[in-house]
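Residue-level structure breakdown
Chain residues, written in single-letter form:
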Amino acid sequence: QVQLVESGGGLVQAGGPLRLSCVTSGRTFSSYRMGWFRQAPGKEREFVAAISRSGSSTYYSDSVEGRFTISRDNGKNTVYLQMNSLKREDTAVYYCAAAPTGRWLDPWYDYWGQGTQVTVSS
């Protein structure tokens, strides 16, 4: 069983930065494609960013493109989400997700973290 643990959430002022981390258990992290999702109160969970197994390819939702950066360190079993120029509408619980199979942009994932709250104040 793969376990994912997010950290780095918190309260930040609009315009500020925040970096989320997600540590994944197991010895095969480099074989997992990874993604970040978020869910705001009263809304459905939405895709934020994805990264390929090697880290050479990334993809973002339109709402975060140019402001967020997804990256990974396969030696540390960790995927990151650097969030800059945060807006109030970025307030949500952020989840990381992992999948050992599939193409790197496939929308489904097998394993999910417990989430970390990000609150952006004006």
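Summarised in this report is the structure supplied together with it. Just so it is clear, the structure is predicted and the values come from calculations on it, not from any experiment.

As for the nonpolar core
Within the largest apolar cluster, 28 residues are counted, with the highest numbers of intra-cluster contacts made by Trp36, Val79, Leu81, Met83 and Tyr94. Residue assignment for this core shows that the elements contributing at least two residues are strand E3 (18-24), strand E4 (33-39), strand E5 (46-51), strand E7 (68-73), strand E8 (78-83), strand E9 (92-99) and strand E11 (116-121). Once you skip the residues sitting within four places of it in the chain, tyrosine 94 turns out to touch Glu6, Leu20, Trp36, Phe37, Arg38, Val48, Phe68, Leu81, Met83, Gly115, Thr116 and Val118. Formed by 5 residues, the second largest nonpolar core is a distinct cluster that contains Phe37, Ala50, Ala97 and Tyr109.

A word on the state of the cysteines
Linking two cysteines covalently through their sulfur atoms gives a disulfide. The full count for this structure, using the stated rule, is 1 disulfide. With a sulfur-sulfur separation of 1.9 Å, cysteine 22 is cross-linked through a disulfide to cysteine 96. Handedness of the cysteine 22-cysteine 96 disulfide follows from its S-S torsion of about 45°: it is right-handed. Pair noted here: cysteine 22 is in strand E3 and cysteine 96 is in strand E9, with a separation of 74 residues, a long-range link. For cysteine 22, a relative accessible area of 0% gives the class buried.

Rules of the game
- Residues numbered from 1 in each chain as written.
- Predicted model: local features only at pLDDT ≥ 70, side-chain atom pairs only at ≥ 80, totals over all residues.
- Heavy atoms only, no water.
- Core = buried A, V, L, I, M, F, W, Y, C linked by side-chain atoms within 4.5 Å.
- Buried < 20%, exposed > 50% of the residue type's maximum accessible area, 1.4 Å probe, protein only.
- Helix = DSSP H or I, 4+ residues; strand = E, 2+ residues; numbered from the N terminus.
- Contact = heavy atoms within 4.5 Å.
- Disulfide = S-S within 2.5 Å.

Honestly, that's just the spatial picture; any functional story needs more than this.
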